[in-house]
Amino acid sequence: MEQVPHLNRTRVMYLITKSNIGGAQRYVYDLATSLPLDHYEPTVVFGGTGKAGSAPGGLNDMLKSAGVRTIALATLTRDVSMLDGGTLSALNPFAIVAS
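Owing to the predicted nature of the structure, the values given are computational and were not obtained by experimental measurement.

> Just checking my understanding: could you explain the sheet that holds strand β3 (residues 69–72) for this structure?
Across a sheet, paired strands are connected by hydrogen bonds in the backbone, their directions being either parallel or antiparallel. An order of β1-β2-β3 is seen for the three strands of this open sheet, with the pairing classed as parallel. Each edge of the open sheet carries a strand with a single partner, namely β1 (10–16) and β3. Taken pair by pair, the neighbouring strands of this sheet meet at an average axis angle of 20°, ignoring direction. Two elements, β1 and strand β2 (residues 40–46), share seven bridges in a ladder whose sense is parallel. Note that in β2 the partner of Arg-11 across the bridge is Glu-41. Across the sheet, helix α1 (residues 23–34) lies against β1 and β2, angled at about 175° from β1, the strand it touches most. Each of β1, β2 and β3 touches helix α2 (residues 58–65); the most contacted strand, β2, lies at about 165° to it.

The following block contains the structure:
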């Protein structure tokens, strides 16, 4: 993809926790690379491959080859779980019992 100066372009950021190649990463790749660059400036932010301090996975190389800006965040290291960290509890004001 040819980069166009960002004047008058809408910036779009996609965020995904891991950058190893999988279904969700392929979907983000397809979204980011299908935007018309004369109107949009896509950026994809991602973590490594799942382990703390891991290097970015294959998604990084694919996006860079397509001319999409990438930002790696080492703090995104695992899958999101609705049961960890009270996320599910925060969504429901009633007591939640997981079986």
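> Mind showing me how you'd approach the nonpolar core here?
Considering soluble globular proteins, one finds that nonpolar side chains tend to be buried as a cluster. The biggest cluster of nonpolar side chains holds 12 residues, and these are Tyr-14, Ile-16, Val-28, Tyr-29, Ala-32, Leu-35, Val-44, Phe-46, Leu-59, Leu-63, Ala-66 and Val-68. If you list the elements that add at least two residues to this core, you get β1, α1, β2 and α2. Looking at this core, the element that brings in the most residues is α1, giving three residues. Setting aside anything within four residues of it in sequence, one finds Phe-46 in contact with Ile-16, Thr-17, Ser-19, Pro-56, Leu-59, Asn-60, Leu-63, Thr-70, Ile-71, Ala-72, Leu-73 and Leu-76.

Reading the values: rules and limits
- Residues numbered from 1 in each chain as written.
- Predicted model: local features only at pLDDT ≥ 70, side-chain atom pairs only at ≥ 80, totals over all residues.
- Heavy atoms only, no water.
- Pairing = 2+ DSSP bridges.
- Helix = DSSP H or I, 4+ residues; strand = E, 2+ residues; numbered from the N terminus.
- Axes fitted to C-alpha atoms, helices over the stretch in contact; angles between N-to-C directions.
- Contact = heavy atoms within 4.5 Å.
- Core = buried A, V, L, I, M, F, W, Y, C linked by side-chain atoms within 4.5 Å.
- Buried < 20%, exposed > 50% of the residue type's maximum accessible area, 1.4 Å probe, protein only.

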